[in-house]
Amino acid sequence: MFLTRVFGKALFGAAAKSDASVAAAAAFSTAARNPLEEFFEADRKPDDDTPVVYGRSWKASELRLKSWDDLNKLWYVLLKEKNMLMTQRQMLNAQNLNFPSPERISKVRKSLCRIKHVLTERAIEEPDPRRSAEMKRMVNAL
């Protein structure tokens, strides 16, 4: 019983200290950056005249090589990118300005459709009918 009290206090004391440090780190990271800033693209300097080159959309053959978890993560990254682009386009339209690169939205949409297509292919190929049905429900929820 004595050992439990001594080790218990030592363990709970260390846990309390680590919880405090985690809370302080979380407070610092949220204070440093507003989460709403993720809906806006970082501003470029006005004197920067170099054209910005954006990437291409993902090919289905590339997506077939990725795992289910990687595709799920990529889906949410692209969804975040799409939300950011749509927010930027809406703000510029409200100011009667043209959206600088409308092809980016179509690239993101194509990639999202291709991810959904690859996940549907995997769900159809699944030999277990219950797991296949569950995978199809998950894909349709995207």
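Cut-off values and rules
Residues numbered from 1 in each chain as written. Predicted model: local features only at pLDDT ≥ 70, side-chain atom pairs only at ≥ 80, totals over all residues. Heavy atoms only, no water. UniProt positions renumbered as here; feature names shortened; annotations may be inferred. Helix = DSSP H or I, 4+ residues; strand = E, 2+ residues; numbered from the N terminus. Buried < 20%, exposed > 50% of the residue type's maximum accessible area, 1.4 Å probe, protein only. Contact = heavy atoms within 4.5 Å. Areas by Shrake-Rupley, 256 points an atom, 1.4 Å probe, with all protein chains shown as cover. Salt bridge = Lys/Arg side-chain N within 4 Å of Asp/Glu carboxyl O. Axes fitted to C-alpha atoms, helices over the stretch in contact; angles between N-to-C directions. Parallel < 35°, antiparallel > 145°, perpendicular 65-115°, else oblique. Left-handed = near helix turned anticlockwise from the far one by under 90°. Nonpolar A, V, L, I, M, F, W, Y, C, P; charged D, E, K, R; others polar. Phe/Tyr/Trp six-rings, centres within 6.5 Å; stacked < 30°, edge-to-face > 60°. Lys NZ or Arg CZ within 6 Å of the ring centre and 35° of its normal. Core = buried A, V, L, I, M, F, W, Y, C linked by side-chain atoms within 4.5 Å.

Within an unreviewed UniProt entry, the label attached to the chain reads Large ribosomal subunit protein uL29m, and the organism entered is Salvia divinorum. The UniProt entry for the chain carries the following comment under Subcellular location (unreviewed entry): "Mitochondrion". According to the UniProt record, the Sequence similarities (unreviewed entry) comment for the chain reads "Belongs to the universal ribosomal protein uL29 family."

Visitor: Whenever I open this one, the overall build of the chain confuses me. Can you help?
Guide: Along the chain, the regular secondary structure elements total five helices and zero strands. In the chain, the succession of helices and strands from N to C terminus is α-α-α-α-α. By the burial criterion, 19% of the 142 residues in the chain qualify as buried. Nonlocal contacts in the chain, meaning residues at least 24 apart in sequence, comprise 63% of its contacts between residues at least 6 apart. Of the accessible surface of the chain, which amounts to about 11,000 Å², a share of 60% is contributed by carbon and sulfur atoms.

Visitor: Honestly, the pattern of salt bridges in this entry has me stumped. Any pointers?
Guide: Think of it this way: side chains of opposite charge can pair up when their charged atoms draw near. In the structure shown here, the tally under the stated rule is five salt bridges. A salt bridge links Arg56 to Glu62; its shortest N-O distance comes to 2.5 Å. The residue Arg64 makes a salt bridge to Glu121 at a minimum N-O spacing of 2.9 Å. Of the two residues, Arg64 is situated in the loop between α2 (60–63) and α3 (68–94) and Glu121 in helix α4 (residues 103–125); the sequence distance between them amounts to 57 residues.

Visitor: Looking at this structure, how should I read the side chain of Arg104?
Guide: By the secondary structure assignment, Arg104 is in helix α4. In contact with Arg104, not counting residues within four places along its chain, are Glu41, Tyr54, Glu81, Met84 and Leu85.

Visitor: Just to check I follow, could you spell out the packing of α3 against α4 for this structure?
Guide: Two numbers describe a pair of packed helices, the interaxial angle and the distance between the axes. Relative orientation of the contacting elements α3 and α4 amounts to 155°, with a least axis distance of 9 Å. Put simply, α3 runs roughly antiparallel to α4. Like other packed secondary-structure pairs, α3 and α4 cross with a definite hand, here left-handed. Here Trp68, Leu71, Leu74, Trp75, Leu78, Leu79, Glu81, Lys82, Met84, Leu85, Met86 and Arg89 of α3 come into contact with α4, specifically with Arg104, Ile105, Val108, Arg109, Ser111, Leu112, Ile115, Lys116, Val118, Leu119 and Arg122. Residue composition of the contact of α3 with α4, by class: 15 nonpolar, one polar and seven charged.

Visitor: Can you help me understand the packing of aromatic side chains in this one?
Guide: Both the distance between ring centres and the angle between the ring planes are used here to describe each pair of aromatic rings. Evaluation of the coordinates by the stated rule reveals zero aromatic pairs. Here the basic side chain of Arg104 rests over the ring of Tyr54, its NZ or CZ set 3.9 Å away from the ring centre.

Visitor: Where do I start with the side chain of Ser111 in this structure?
Guide: Secondary-structure assignment places Ser111 in helix α4. The exposure class of Ser111 is buried, given its relative accessible area of 2%. In this view, Ser111 contacts Ser57, Trp58, Leu63 and Leu78; residues no more than four positions away in its chain are not counted.

Visitor: For this particular structure, what's the right way to read the nonpolar core?
Guide: What tends to happen in soluble globular proteins is that the nonpolar side chains get buried as a cluster. Ranked by internal contacts, the top residues of the largest apolar core, which has 17 residues, are Leu63, Leu71, Leu78, Leu85 and Ile115. Setting aside chain neighbours within four positions, we find Leu85 in contact with Phe99, Arg104, Ile105 and Val108.

Visitor: For this particular structure, what's the right way to read the packing of α4 against helix α5 (residues 129–141)?
Guide: Two elements in contact, α4 and α5, have axes separated by 8 Å at closest approach and are oriented at 165°. With respect to their mutual orientation, α4 and α5 come out roughly antiparallel. You can see that α4 and α5 cross each other, and the crossing is left-handed. Contacts between α4 and α5 involve Lys116, Leu119, Thr120, Arg122, Ala123 and Ile124 from the first element and Ser132, Met135, Lys136, Val139 and Asn140 from the second.

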